[in-house]
Amino acid sequence: MTTVATSPIAGQKPGTSGLRKKTPVFMGRHYLENFVQSVFDVVGAKDKTFVLGGDGRYFNDRAAQVILRMAAANGASRVIVGQGAILSTPAASHLIRLNRTDGGIIMSASHNPGGPEEDFGVKFNMPNGGPAPEGVTEAIYRRTTEISEYHIAEAQDVDLGAIGRHQLAGMVVDVVDPVADYAALMETLFDFPAIRAMFAGGFRMRMDSMCAVTGPYAVEILENRLGAAKGTVVNAMPLPDFGGMHPDPNPTWAKALMDEMFGPDAPDFGAASDGDGDRNMVVGRGVYVSPSDSLAVLAANAHLAPGYKGGLKGIARSMPTSAAADRVAEALGLHHYETPTGWKFFGNLLDAGRATICGEESFGTGSDHVREKDGLWAILLWLNILAVRRESVAQILHGHFRRYGRNYYSRHDFEAIPVEQADRMMEALRAALPGLKGRDFDGMVVTHADDFAYTDPVDGSVSTKQGVRVLFDGGSRAVFRLSGTGTEGATLRLYLERFVPGPDDLSDDPQAALAPVIRAAHAIAAIAAHTGRSLPDVVT
Ligand code: VG1
Ligand code: CO
């Protein structure tokens, strides 16, 4: 064992989901080591068991060896690692729970591009399988500012390609199949025979794994176990640079899938997932399903899947997510919850049995089967619903709007804004909040404006400054917040929503339906004046 003297490195503050930095930063002297030692200092490693895996991006394999040697030197008794150091985020969450471990370390920067000049990330998940709550991430951050040494074993690499038990400086390393336990869990939740029969009957699907971690999972589950045609899953091989793709499942980055689903020979159902497999985009033939609508449809139909036939305990959504799911909860007589952005805020609700299904507008949906959002889970639940209802995605979606009304929704991202400009804009916006109520922006009258704060109903912890929301007469809304996952400048996220009850006489173009809200939002925040931007970089 070696103890290495080190000194704090600035800027290791974790964001919405763990710590993300440029790969060269992570590969820099003592950087990864400082963060990992800070995690072990805060959560304790002696005699503990952890899960370890990542999304396969550049540096994943090297970082895994470093983390294993550090776990050994810090006294951990056992680490369960996905073969090849691969684990999707939901599969890691499941392994943490299944093996009753003391938590896990997941190497991923999720949807951020991977490669020598792109992004890397590390996050710690708790024994419940979920992302560390704010209190723990803050403690880890504080530790990185005072750290003076880390511990690492002097040892050769463990052969992470070989499934089975290995030894590393007195610690057990169990290399496991990354897919098997996860696939078995999915079989307990969904009606595999019904979905298999649907595929056997000619149902066609396209799954775009975007050269990220879901490839092996999707091939095993969709093609091998459910009988989808060979080749249904494309970009199925996880690559260190994601094949140059941006593994963010949205219409901009999953354009090839969108083109196919809107093209002449479109399959019945299309889906894509992100870098670490926790998010999903769902597309029908000629119809895009917005993530907020997907959450609402899944919640309304979950009882059709065996794992949820007893009904739901409650539904939770992040604040910027549209209120479509709230309408379903109200119709079902269920509690609904509004949390800050980031899956860590759902953990207590799931643990306490207050919510069964959760979702975010950013293509994340999941349930209490793990403590992370789960891309393939959402795709399988959609397949289960399609198999039972025997309707198309478009029919299901339109039926849903007829019954519950429609929450038109879009998110506009303004990327790589100089941090000072973005901060000044948010500051000015916050200062203007008290005077906004009652003001009329071209027919859009403000009924309420605040900076979202959340009190966790289970442990009472309070999170403030979670995004500025401006509500308008008639159920429209604009939300402004800065991203906590970017690694370059600031990203402004502008979330736009407009509710139309009953029969829908608006066009099918959400941007057109939202035009008055978009205009009001720009006027209120003076986005162009502060940032020089009047058009977003990414629209979802
Ligand atoms: C984004 C999304 C948020 C999600 C987070 C992590 O955060 O908006 O909903 O939970 O990414 O997702 P931000 O702070 O950039 O808006 V993942 O799949 O990238 O770990
Ligand atoms: Co992700």
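Conventions adopted
- Residues numbered from 1 in each chain as written.
- Chains lettered and ligands numbered in written order.
- Predicted model: local features only at pLDDT ≥ 70, side-chain atom pairs only at ≥ 80, totals over all residues.
- Heavy atoms only, no water.
- Pairing = 2+ DSSP bridges.
- Helix = DSSP H or I, 4+ residues; strand = E, 2+ residues; numbered from the N terminus.
- Axes fitted to C-alpha atoms, helices over the stretch in contact; angles between N-to-C directions.
- Donors = N, O, S within 2.8 Å, 3.2 Å for Na, K, Ca; no water.
- Buried < 20%, exposed > 50% of the residue type's maximum accessible area, 1.4 Å probe, protein only.
- Arc of directions from axis to C-beta.
- Contact = heavy atoms within 4.5 Å.
- Polar contact = N/O pair within 3.5 Å; in protein donor to acceptor, adjacent residues only side chain to side chain.
- Domains from an automatic or database assignment.
- Buried area = accessible area lost by both parts, 1.4 Å probe.
- Salt bridge = Lys/Arg side-chain N within 4 Å of Asp/Glu carboxyl O.
- Nonpolar A, V, L, I, M, F, W, Y, C, P; charged D, E, K, R; others polar.
- Near = heavy atom within 4 Å.
- Parallel < 35°, antiparallel > 145°, perpendicular 65-115°, else oblique.
- Left-handed = near helix turned anticlockwise from the far one by under 90°.

### As for the sheet that holds strand β5 (residues 104-107)
Here comes step 1: In spatial order, the strands read β2-β6-β5-β3-β4-β9-β8; together these seven strands make up an open sheet with mixed pairing. Each having just a single partner strand, β2 (19-22) and β8 (164-168) make up the two edges of the open sheet. Looking at each pair of strands side by side, their axes are set apart by 20° on average, direction ignored.
Here comes step 2: Of the pairings in the sheet, the one linking β2 to strand β6 (residues 119-125) comprises four bridges and is antiparallel in character.

### Side note on the coordination of the cobalt ion (ligand 2)
Here comes step 1: Looking at the metal site, the cobalt ion (ligand 2) is ligated by Ser110 (OG), Asp274 (OD), Asp276 (OD) and Asp278 (OD), spaced 1.9 to 2.1 Å from it.
Here comes step 2: Considered as a linear motif, the donors of the cobalt ion (ligand 2) on their single chain read S-x163-D-x1-D-x1-D. Of this pair, Ser110 sits in the loop between β5 and β6 while Asp276 sits in the loop between β12 (269-273) and β13 (280-284), placing them 166 residues apart in sequence.
Here comes step 3: Assessed through its relative accessible area of 1%, Asp276 is described here as buried.

### Observations regarding helix α7 (residues 192-200)
Here comes step 1: Listed in full, the buried residues belonging to α7 are Phe192, Ile195, Met198 and Phe199. For α7, the arc enclosing every buried residue in end-on projection is 120°, short of the 170-degree limit, so these residues lie on one face. In α7, the exposed positions angled more than 90 degrees off the buried face are occupied by Pro193 and Ala200.
Here comes step 2: Contact partners of the buried residues in α7: α6 (180-189), β10 (205-208), α8 (214-225) and α13 (375-389).
Here comes step 3: At the N-terminal boundary of α7, the capping side chain belongs to Asp191, with an oxygen 3.1 Å from the backbone nitrogen of Ala194.
Here comes step 4: One or two positions beyond α7, positive phi appears at Gly202, with a value near 105°.

### Thoughts on the sheet that holds strand β20 (residues 440-441)
Here comes step 1: An order of β20-β21-β24-β25-β26-β19-β27 is seen for the seven strands of this open sheet, with the pairing classed as antiparallel. Single-partner strands in this sheet number two, and they are β20 and β27 (538-539).

### Here's the deal with the domain arrangement of the protein chain
Here comes step 1: One can read the domain layout of the protein chain as domain 1 (2-178), domain 2 (182-404) and domain 3 (406-539).
Here comes step 2: Contact with domain 1, which involves nine residues of that partner, is made by eight residues of domain 3.
Here comes step 3: Around 610 Å² of area is buried between domain 1 and domain 3 when both sides are counted, 39% of it from carbon and sulfur atoms.
Here comes step 4: Three residues stand out in domain 1 for area buried against domain 3, namely Thr16, Lys22 and Glu134, and they jointly supply 55% of the buried area on that side.
Here comes step 5: Here domain 1 is connected to domain 3 by one salt bridge.
Here comes step 6: Its salt-bridge partner being Glu488, residue Lys22 comes within 3.0 Å of it at the nearest N-O pair.
Here comes step 7: For the interface between domain 1 and domain 3, the tally reads two residue pairs in polar contact (both at pLDDT 80 or more).
Here comes step 8: Take the side of domain 1 that touches domain 3: its biggest share by element is three residues, from β2.
Here comes step 9: Its residues placed into classes, the side of domain 1 that touches domain 3 shows no nonpolar, four polar and five charged.

### Considering the site of ligand 1
Here comes step 1: The local shell around ligand 1 holds 21 residues, among which Thr16, His111, Ser362, Thr485 and Arg493 are the closest.
Here comes step 2: The separation between an oxygen atom of ligand 1 and a polar side-chain atom of His111 is 2.5 Å.
Here comes step 3: Contact between ligand 1 and Lys373: an oxygen atom at 3.1 Å from a side-chain N or O atom of the residue.
Here comes step 4: Here the residues of the shell around ligand 1 are counted per class, giving no nonpolar, ten polar and eleven charged.

### Notes on the packing of helix α2 (residues 31-43) against helix α3 (residues 60-73)
Here comes step 1: Their axes nearest at 10 Å, the elements α2 and α3 cross at an angle of 40°. Comparing their axes, α3 and α2 come out oblique. The hand of the α2/α3 crossing is right-handed. Here α2 contributes Leu32, Glu33, Val36, Gln37 and Phe40 to the contact with α3, which in turn contributes Ala63, Val66, Ile67, Met70 and Ala71.
Here comes step 2: Looking at side-chain class alone, the contact of α2 with α3 contains eight nonpolar, one polar and one charged residues.

### Quick look at the pattern of salt bridges
Here comes step 1: Scanning the entire structure with this criterion turns up 35 salt bridges.
Here comes step 2: Between Arg371 and Asp351 there is a salt bridge, with the nearest N and O atoms lying 2.6 Å from each other. On the criterion of sequence distance, the pair formed by Arg371 in the loop between β18 (364-367) and α13 and Asp351 in helix α12 (residues 347-351) is long-range, its members being 20 residues apart.
Here comes step 3: Looking at Asp351, the relative accessible area reads 41%, which means it is partly exposed.
Here comes step 4: Of the charged contacts, one joins Arg519 and Asp442 as a salt bridge, the two residues approaching to 3.9 Å between their closest N and O atoms. On the criterion of sequence distance, the pair formed by Arg519 in helix α17 (residues 515-525) and Asp442 in the loop between β20 and β21 (444-451) is long-range, its members being 77 residues apart.

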